[in-house]
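Tertiary structure, described
Spelled out, the chains give:
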Amino acid sequence: MSALTVALPPVPSLIVGPVTHTRHRPVRHAFRYTAYQWLVDLAELPRLRGPLAWVSGFSADDHLDRGRLGGGIRGDLVRFLAGRGVSVAQDDRVIMLANARVLGYVFDPLTVFWVLRRSESSTTQVRAVVLEVHNTYGERHAYVLDLDARGRSSVDKDFYVSPFNDATGRYAVSLVLEPGRVRVTVGLDREGERVVTAVTEGEPRAATPRTVARTALRYAFMPQMVSLLIRLHGIKLWRRLPLLPRPPHSEEQLR
């Protein structure tokens, strides 16, 4: 069990704020845009009606083992953790930070799952954290994090994400889950040097129908735009960096 305790924002919430991605070497390249993600409880996923249902879809097919054995996203997460020696109690709460489907489409570069022990106090103990990474080739991979009391962890990279980075190196991860702020920082280190830093952060906003409508209109087609931006910046880097071969990847490790 992690030594970390957190104080939850309202759930469900929209986390609206900047996403920054900085490549430090071998060439420097950075971009920044404003985006939003959802912070939801897997036991109570949003069920919005009418047009809002088109911008708030969640499906087990978009995560982990694609709901293959039932139980939805939570069922997949419980089985994934059990296979790695972490048991999830029936009354544990599972909070997910992710993109929702918009008009049936989603691209979710990074999903975070917090498994939390139920508590009546203002803070909740973190039992486990899983980081799920998706690449633009339709593949996914998940890492179990062992967070310290400051929300920090590191884990070996073993999944091909970018055509300009192989699957070597180590991720340095820092997570913040607070009533007024959610922040995820992932740095890729190789041979003692920082190669890439990615940060997503924002202030939680309770996901009322009005807030969802206003946010979806202001940041229209969010998953589609994220996917497009990644590809556009990839084209810019393609002129400056060699492409590295993509090794075969099996989703067996997600089961």
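Up top is the structure.
In short, a report on the structure. (Residues numbered from 1 in each chain as written. Predicted model: local features only at pLDDT ≥ 70, side-chain atom pairs only at ≥ 80, totals over all residues. Heavy atoms only, no water.)

1. Structural notes on the pairing of strand S11 (residues 193–206)
The cut-off we apply is this: Should DSSP find at least two bridges between two strands, the strands are regarded as paired. The secondary structure listing takes helices from DSSP runs of H or I that are at least 4 residues long and strands from runs of E that are at least 2 residues long, numbered from the N terminus.
One ladder, built from nine bridges, connects strand S2 (residues 13–23) with S11; its direction is antiparallel. Counted as the bridge partner of His 21 is Ala 198 from S11. Here strand S10 (residues 181–190) folds back onto S11, and the loop between the two strands holds two residues, one of which, Glu 191, carries a positive phi near 55 degrees.

2. A short note on the packing of aromatic side chains
Using the following cut-off: Note on aromatic pairs: the rings of Phe, Tyr and Trp (six-membered ring only in Trp) are paired at centre separations within 6.5 Å, and the planes decide the class, stacked below 30 degrees, edge-to-face beyond 60, tilted for the rest. Under the scheme applied here, a residue whose accessible area is under 20% of the maximum for its type counts as buried, over 50% as exposed, and between as partly exposed, the area being computed with a 1.4 Å probe on protein chains only. Geometrically, a charge over a ring is one whose NZ (Lys) or CZ (Arg) sits within 6 Å of the ring centre while staying within 35 degrees of the ring normal.
Overall, the coordinates contain five aromatic pairs when judged by the stated rule. Where Phe 31 meets Tyr 33, the ring centres are 6.2 Å apart and the plane angle is 5 degrees; that geometry is what we call stacked. Classification of Phe 31 as buried rests on a relative accessible area of 16%. You can call Tyr 33 buried: its relative accessible area is 18%. A centroid spacing of 5.8 Å and a plane angle of 85 degrees characterise the contact between Tyr 143 and Tyr 171, whose relative ring orientation is edge-to-face. Of this pair, Tyr 143 sits in strand S7 (residues 140–145) while Tyr 171 sits in strand S9 (residues 170–178), and the two are 28 residues apart along the sequence. This pair shows no difference in class: Tyr 143 is buried, exactly as Tyr 171 is. If you follow Arg 246 out to its NZ or CZ, it ends over the ring of Tyr 137, 4.2 Å from the centre.

3. Let's talk about helix H2 (residues 209–218)
We apply this condition: Throughout, the arc means that of the directions going from the helix axis to the C-beta atoms. By definition, residues are in contact when any of their heavy atoms lie within 4.5 Å.
Looking at H2, one finds that the buried residues are Val 212, Thr 215 and Ala 216. Taken down its axis, H2 places every buried residue within 100 degrees of arc, on the same side. Opposite its buried face, H2 presents the exposed residues Arg 210, Arg 214, Leu 217 and Arg 218, each directed more than 90 degrees away. On the buried face of H2, the contacting elements are S2 and strand S3 (29–41).

4. Some words on helix H3 (residues 222–238)
Side chains of residues three or four places apart in an α-helix project in the same direction, reflecting 3.6 residues per turn. What counts, and what does not: Helices are assigned an expected span. That span is 1.5 Å times one less than the residue count.
The first and last C-alpha atoms of H3 sit 24 Å apart over 17 residues, in line with the 24 Å expected at 1.5 Å per residue. Residues of H3 that are buried sit in contact with S2 and S3.

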